[in-house]
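Chains, contacts and geometry: an overview
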Amino acid sequence: MPAKGFFTDTTLCIGCKACEVACKQWNQLPDDGFFFTGMSYDNTVALGASTWRHVAFIERPVPLQTQDAGAFSWLFSSDVCKHCARAGCLESCPTGAIVRTEFESVYVQPDVCNGCGYCVVNCPFGVIDRRSDDNRAWKCTLCYDRLREDMQPACAKACPTESIKFGDLDHLRAEARARVEDLHEKGLREAYLYGEDEHSQPGTGGLNAFFLLVDKPEVYNLPPDPVVPTKKAKDAWTSMGVAAAGMALAAVGAVLWGKER
Amino acid sequence: MKNGKRFSPKHWAVLRQIESGDLWGLDRNAMSSRTAGLAARTKNADRAVGSICPYCAVGCGQLVYVKDEKIIDIEGDPASPISNGCLCPKGAATFQLVTATHRVHHVLYRRPYGTEWEQIPLDRAMNMLAERVKKARDDRWEDNSPEGDPLHRTMSMAHLGGATLDNEENYLIKKLFTALGIVQIENQARI
Amino acid sequence: MGTSYGRGGATTFQQDLQNADVIVIQGSNMAECHPVGFRWVMKARERGATIIHVDPRFTRTSAVANIHVPIRAGSDIAFLGGIINYILKNDRYFKDYVIHYTNAPAIVSDEFRDTEDLDGLFSGWNQQTTQYDKESWMYKGVDPAPAAGKREAGADRRGPIRAEHTDPTLQHPRCVFQILKRHYSRYTPEVVEETCGIPKALLIKVAETLCRNSGRERTGAFCYAVGWTQHSVGVQYIRTAAIIQLLLGNIGRPGGGIMALRGHASIQGSTDIPTLYNLLPGYLPMPKAKSDATLADYCRNNESPSGWWGEFPKYFVSLMKAYFGGAAQKENDWCYDYLPTLSGDHSHMNTVADMADGKLKGYFVMGENPSVGSMNGALQRKGLRKLDWLVVRDFQLIETAEFWRDAPEIHRGEVKTKDIATEVFFFPGAAHTEKSGSFTNTQRLLQWHHKAVEPPGDCRSELDFIYHLGVRLKKLYARELNERRNWPIRDLTWNYPTEGPRHEVVAESILEEINGYTTSDGKPVAGYTSLKDDGSTACGTWIYSGCYRDGINMTARRKPHWEQNWVAHDWAWSWPSNRRLMYNRASADPEGRPWSDRKKLVWWDEQKKRWDGYDTPDFIADRPPSYRPSKEARGKDTISGIDPFIMQADGKGWIFVPAGLEDGPLPTHYEPEESVIRNPLYGQQCNPARMEWRRRDNPYHRAFEDPRFPYVLTTYRLTEHHTAGGMSRWLSWLSELQPEMFCEVSPELASERGLANGGWATIRTARAEIEARVLVTERMKPLRVRGRTIHQIGLPYHWSSRGIVVGDTANELIMFVADPNVSIQESKAFTGMIEAGRKSKERRAVTSGAFVKQIDPEYWQRDLPIARNRGGGPHDSKAVETKEGNM
């Protein structure tokens, strides 16, 4: 199964929020409350337990080089779980509720999650979140159920302007790099990719949902240099952990295993 | 377990992890049986019905998935040359529009000077309405204007609506009301 | 559009926008209101097209456009007029197209006087009737008598309008081209800047971009929506763009055209099959009491000896056969006198005013929410309170259904529920997933939606409701059918097949009647060319004829786009005759060859002796380009081989409209009913022919510079909601995205008025006051006009008191005033006041009188200069006494 992911090209986003609603519809998610924020057109504020796609609205006193509209521009960006190659949530989950799928996406199993919340603090992007009613952790599934039927994720399908692209990561990366070059040629020199591979974002090992941005990551509320916390911790623990836990459990496991066979 | 199977230690994720050497539980061996059996709910739909988005006039194609005579999903129809399967947030919310609890399922009646709604049977409401239409028409019929111009009409009733309705509905509305002599027929095109 | 090109519909289709080299979006916020249609604009942009957005606000459309032009709301004609002036001054028009396909060479009557001569009025202004006598606008040597049309749809009064004298060199001083040149000569970049607040350089940049992307090799498109129509001079906004597109040769060609973006699933359909007072299906006019006493009068007034409307009697007789079946016979004039007649303007706002005056008994509201969606909501509700009965059909209890217990005037105690006599019936409606039927989308495409499930409980479709109401009425009248007035009920064909346990009408049987059939055997006709005026065919809507040809529901065709070319003919069905791009004869040169390979669409095939192409040719299929009609020709035979606009009596695109408009043959800049400035272009302030309702419950501000109301207000939609909210405010997924009513103001206005972002503001007009949250944003730019700073305030209009998110209603602020051609209100530019904090006392002019401080009588001056002497207008508006002088 080739690795799948999202390439979100923010220069094609029109801020319509179809992705937010299509996601809620497919996943039957509840609302996030009804609060006027006064922050441009953003009233859902951030990704959370019941908002798995979120469109950021950035009004900035800086012109776009390809636009004649005075010293101003309005940027939109549909944020989503990054399905990191090294996923902090997954690596910190003590119950095995979070798994990596055959599409290399990161999936939280609601029937296994016990709501401990370790994953929440271990996500460098603040994506995964617990729902207040059942305490369990929720986030984008990359529409794992749809992928099983060879359907694309609901958000990517709905996106009217193809700002959200879904596909094989290898293809998406090639397409994204070509897109950046094209935009540079058209005069949009600011365009760059965020987290497209391990090289560009070693702290996460690269993102399976990466972005094309035209301003600093912070402007989009993205960390400039995200590092998966467990990555550091793991470097120290790996040698000891493998030896100790592995040996102990292998002994128990062998017994049970043999029994069932 | 869900299927009433005997407990098997294989369901214990940790053991499967160990078997495959996936000590950090990072692989799909930690999958539960629910996860393993996961499939798009549309897979089991009885039918996918071709439809059109009811919001604006772009006219996006929709597919309505039905199972056991209930709508289980509404999304864009990729075959549409206009929308290619896309929907805007309103179109994407169509499922909630047609299935959520806000919809009223019964005829309600507010009597003159009343302070509350009362539920009445559809058939009775239709009969009451037909009588009122007849009375309004008969009471205020105009054959001719004071100058003698032909009128053949009643100005006692008016209609508003149509831009959200089907062509067939607009056709019958115009046809019936014109036959009744009602001319004040209008819709959102002018609002 | 109807008056310029012949048909009241978008000339092109949304997918074709991807072929444009430049797209001007003006009077529309397309990315927000039509996101999926905007897909095709983005595709054009990615291909290298320039996207220009002209709008008072910087919106989500502006954000992805190449150029944003901030404009003062209500000044679009001045801006577009500036572009026309640029095109003409610099000789940038598409000469071959203009000479052959437009009426630019036509010579106009010697009596005609332009606004240049009369300070903003055209010749023919009648001070007494406050209307124009339009004879002098006619072509020279043509009898103007029957040509006194009205509706934009081009439905009214067609005459033998064909220029007798022309000058193909375009030099004659009274030819349309020269008149046009003079008319727009004063729309210089300097004047545009003074009027619109648009810097000169920006106007020139837009005009130059348009010109550069027009001609044989390139095309440009315009997209508009209600940002153009909802003005007291709205039709002329569209006309101005229509002129530009004719001058640049952009109509009937790929990537060109004018895309009218409509806001409801079937709003085009509800005009084609009109739930409108003045039309019968297919843009046939309703008979007028004064002039159409007999069928002969009616036909004489409407059929045209030249052009397509020569076929008029065939369409009308077929309609009467569809309505009244066997009863409609030649001997009884096909039941012509069964039809009610019009004695004036019976449009929505007049109806509401009559309702408020107690003249109506009953009111049907189906799928609309006028208490929120219409102007001056309080006046709407006053009307509802005066009714005997009201029927509301919707999904849930919308504000219009609840007017008797939930409204500002009820909360304020001015009106008491127990005093309201109106009986209210609420019928729950079936959703589109619970009924079969067709919607006609913004590009005239009829698309069928199939019933997926049964409606719940007592929910029923409107089709079912109307059908069963008709059945009951036929029964109720059973004993009185011999009375003359009841014959239409007796003879109305109403024997539709029903199905299912609830006896629901089979929707396809209605579509079949709309398509038309031969009366002898009931077989569907193939199209409108098969219709006859001898009673042998019946057809419910001639322009839709062909949608059920061969007994096949063409509107239900869903052949995937990847199995056909980009025009996608086999997806659903569009009128007329499945043509997707109208007037496409113009995509070829006079000899029938494509103007260029890059922009080819339809061409003359000399071998086959037929028109051929990617789209269905919008022309007589076998008429060669060389054909010229003889003097004796009648009807269709008068259409020459170089007449792409076959619905026009002369086959030409009308730059100058000699008949069919109420307010002038050429678009002229007038200020809105309420403006912050005097008209910089003419002494005449507002559209002189506009419709006003001068009533105590509909007060107007001073026409300009009213010190009480110094700001420009404009209303609009957001992506996340739908119109008056009936289909969005009850849904959590949409409501959470835009949960509260807000107003958009610039940082400069915020500091001037002490407004804080996220805080509250009160917005006030003479009609009402509302509260809203404040969104301070640089997207609202103050404009400089004549050395003054003009502030504009943006108001989305989706909210009201019911649903899961509530808020005040912007439309409460707006007055009744309308365009004279189509009776559409002016909600996109008016004046008002804003102050910080929640200061609303829920006051409404309707119930508490004009609650703003009364001011000097001369402030009632509505206009300059003619209104000073204005008598009682045509709209029951006894003019308030005004004083001379003091100008």
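Residues numbered from 1 in each chain as written. Chains lettered and ligands numbered in written order. Predicted model: local features only at pLDDT ≥ 70, side-chain atom pairs only at ≥ 80, totals over all residues.

A short note on the overall build of chain A
The test is simple: Helical segments are the DSSP runs of H or I of at least four residues, strand segments are the runs of E of at least two, and each set is numbered from the N terminus. Exposure classification rests on a simple neighbour count of other C-beta atoms within 10 Å of a residue's own: a residue reaching 20 or more is buried, one at 12 or fewer is exposed, and one in between is partly exposed. C-beta atoms are placed from the backbone. Contact between residues is assigned whenever the C-beta positions, reconstructed from backbone atoms, fall within 7 Å.
Looking only at helices and strands, chain A has seven helices and 10 strands in total. Counting across all 261 residues of chain A, residues that qualify as buried make up 51%. For chain A, the share of sequence-separated contacts (at least 6 apart) that also reach a separation of at least 24 residues comes to 62%.

Brief notes about the overall build of chain B
Counting its secondary structure elements, chain B contains six helices and eight strands. If you list the helices and strands of chain B from N to C, you get α-α-β-β-β-α-α-β-β-α-β-β-α-β.

Focus: the nonpolar core
Test applied: By definition, a nonpolar core groups buried Ala, Val, Leu, Ile, Met, Phe, Trp, Tyr and Cys residues that are joined through C-beta atoms within 7 Å.
One finds A:Ala22 and C:Ile23 to be the most contacted residues of the largest nonpolar core, which totals 401 residues. Among residues more than four places away in sequence, those in contact with A:Ala22 are A:Ala154, A:Cys155, A:Lys157, A:Ala158, B:Leu87 and B:Ala92.

A few points about the interface of chain B and chain C
The criterion, for reference: For two strands to pair, DSSP has to find at least two bridges joining them.
If you look at the interface, chain B gives 100 residues, while chain C gives 130 residues. Bridging between strand β4 (residues 108–110) of chain B and strand β12 (residues 423–428) of chain C involves three bridges; their strand directions are antiparallel. In the strand pairing of β12(C), B:Leu108 is matched with C:Phe426.

Quick word on the pairing of strand β7 (residues 150–160) of chain B
If a strand is regular, its side chains alternate between the two faces of the sheet. Residues and elements named next belong to chain B. Quick reminder of the rule: Handedness is read with the strands pointing away from the viewer; a crossover is right-handed when the path from the first strand over the helix to the second is clockwise.
Most of β7 is tucked away: 10 of the 11 residues are buried. Relative to β7, strand β6 (residues 141–144) is paired through three bridges, and the arrangement is antiparallel. Note that in β7 the partner of Glu-142 across the bridge is Arg-153. The antiparallel pairing of β6 with β7 creates a hairpin that spans five residues between the two strands, and Gly-148 there sits at a positive phi of about 95 degrees. Note that the unit made of β7, helix α6 (residues 167–180) and strand β8 (residues 182–186) has a crossover that is right-handed.

Side note on the packing of α6(B) against helix α20 (residues 462–476) of chain C
For the record, the criterion: The angle between two axes is taken between their N-to-C directions and runs from 0 to 180 degrees, where each axis is a line fitted to C-alpha atoms and a helix contributes only its stretch in contact. Put simply, angles under 35 degrees are roughly parallel, angles over 145 are roughly antiparallel, angles from 65 to 115 are roughly perpendicular, and the rest are oblique. Should the near helix be turned anticlockwise from the far one by less than a right angle, the crossing is termed left-handed; should it be turned clockwise, right-handed.
α20(C) packs onto α6(B) with a crossing angle of 25 degrees between their chain directions and a minimal axis gap of 8 Å. Comparing the axis directions of α6(B) and α20(C) gives the class roughly parallel. Between α6(B) and α20(C) lies a crossing whose hand is left-handed. Across the interface between the two elements, B:Glu168, B:Glu169, B:Leu172, B:Ile173 and B:Leu176 from α6(B) touch C:Glu462, C:Leu463, C:Ile466, C:Tyr467, C:Leu469 and C:Gly470 from α20(C).

Looking at the packing of helix α5 (residues 76–89) of chain C against helix α12 (residues 234–247) of chain C
Residues and elements named next belong to chain C. Worth spelling out the cut-off: We call Asp, Glu, Lys and Arg charged. Ala, Val, Leu, Ile, Met, Phe, Trp, Tyr, Cys and Pro are nonpolar, and the rest, Gly among them, are polar.
Look at α5 against α12: their axes get within 9 Å of each other, and the N-to-C directions meet at 15 degrees. The pairing of α5 with α12 is recorded here as roughly parallel in orientation. By crossing handedness, the relation of α5 to α12 is classed as left-handed. The residues of α12 that touch α5, namely those facing Asp-76, Ile-77, Leu-80, Gly-81, Ile-83, Ile-84 and Ile-87, are Gln-236, Tyr-237, Thr-240, Ala-241, Ile-243, Ile-244 and Leu-247. Across the contact of α5 with α12, the residue classes tally to 10 nonpolar, three polar and one charged.

Examining the sheet that holds strand β13 (residues 437–440) of chain C
All names here are of chain C. Spatially, β13-β14-β19 is the arrangement adopted by the three strands of the open sheet, whose pairing is antiparallel. The open sheet has two edge strands with one neighbour each: β13 and β19 (573–574). In terms of strand pairing, strand β14 (residues 445–449) meets β19 through two bridges, oriented antiparallel. What sits directly across from Leu-446, in β19, is Trp-573.

Notes on the domain arrangement of chain B
The test is simple: For the domains described, the bounds stem from an automatic or database domain assignment.
Partitioning chain B into structural domains gives domain 1 (1–38), domain 2 (42–99) and domain 3 (108–190). Using C-alpha coordinates to define each centre, domain 2 of chain B is positioned 33 Å away from domain 3 of chain B.

Focus: the sheet that holds strand β1 (residues 22–26) of chain C
All names here are of chain C. The strand order across the open sheet built from five strands is β3-β2-β1-β6-β7, with neighbouring strands paired in parallel fashion. Only two strands of the sheet have a single neighbouring strand rather than two, namely β3 (67–69) and β7 (258–260). Mean inter-strand twist for the sheet, computed between neighbouring axes without regard to direction, equals 15 degrees.

Examining the environment of B:Val98
All names here are of chain B. The topology assignment puts Val-98 in helix α4 (residues 94–99). Take Val-98: there are 23 C-beta atoms within 10 Å of it, and that puts it in the buried class. In sequence terms Val-98 and Ile-74 are 24 residues apart; their C-alpha atoms lie 9.8 Å from each other.

Things to note about the confidence of the model for chain B
Heads up, the rule is: pLDDT expresses, on a scale from 0 to 100, how confident the predictor is about each individual residue.
Residues at a pLDDT of 70 or more form 84% of chain B, whose mean pLDDT is 89. The complex prediction reports pTM at 0.93, with the ipTM value standing at 0.94.

Some remarks on unusual backbone geometry
Residues and elements named next belong to chain C. In this structure, the amide linkage connecting Trp-575 to the following residue, Pro-576, adopts the cis form with an omega of -5 degrees. In this fold, Pro-576 is placed in the loop between β19 and β20 (602–605). With a phi close to 50 degrees, His-503 is a non-glycine residue in the positive phi region. Within the element layout of this structure, His-503 appears in the loop between β15 (498–499) and β16 (504–505). You will see that Lys-609, though not glycine, has its phi angle at about 55 degrees, which is positive. Of note, Lys-609 is situated in the loop between β20 and β21 (610–613). On the basis of neighbour counts, which here come to 11 C-beta atoms within 10 Å, the residue Lys-609 falls in the exposed class.

What to know about the environment of B:Asn44
Residue placement: B:Asn44 occurs in the loop between α2 (33–36) and β1 (47–52). Separated by 22 residues in sequence, B:Asn44 and B:Val66 place their C-alpha atoms 9.1 Å apart.

Brief notes about the environment of C:Val192
Mapped onto the fold, C:Val192 is located in helix α9 (residues 189–196). On the neighbour-count criterion, C:Val192 (30 C-beta atoms within 10 Å) is buried.

Here's the deal with helix α6 (residues 169–185) of chain A
All names here are of chain A. So the rule is basically this: By definition here, a helix of n residues has an expected span of 1.5 Å times n minus one. Think of it as the arc spanned by the lines of direction from the helix axis to the C-beta atoms.
Across its 17 residues, α6 extends 24 Å between first and last C-alpha, which sits within 8% of the 24 Å expected from 1.5 Å per residue. Taken residue by residue, α6 has Leu-169, Leu-172, Ala-176 and Leu-183 as its buried positions. When α6 is viewed along its axis, its buried side chains cluster within an angular range of 50 degrees and face the same direction. Seen from the open side of α6, the exposed residues pointing more than 90 degrees away from its buried face are Asp-170, Ala-174, Ala-178, Glu-181, Asp-182 and Glu-185. On its buried face, α6 is in contact with β1 (4–9), β8 (164–168), β9 (192–194) and β10 (209–213). Note on α6: the residue one or two positions beyond its end, Gly-187, has a positive phi of about 105 degrees.

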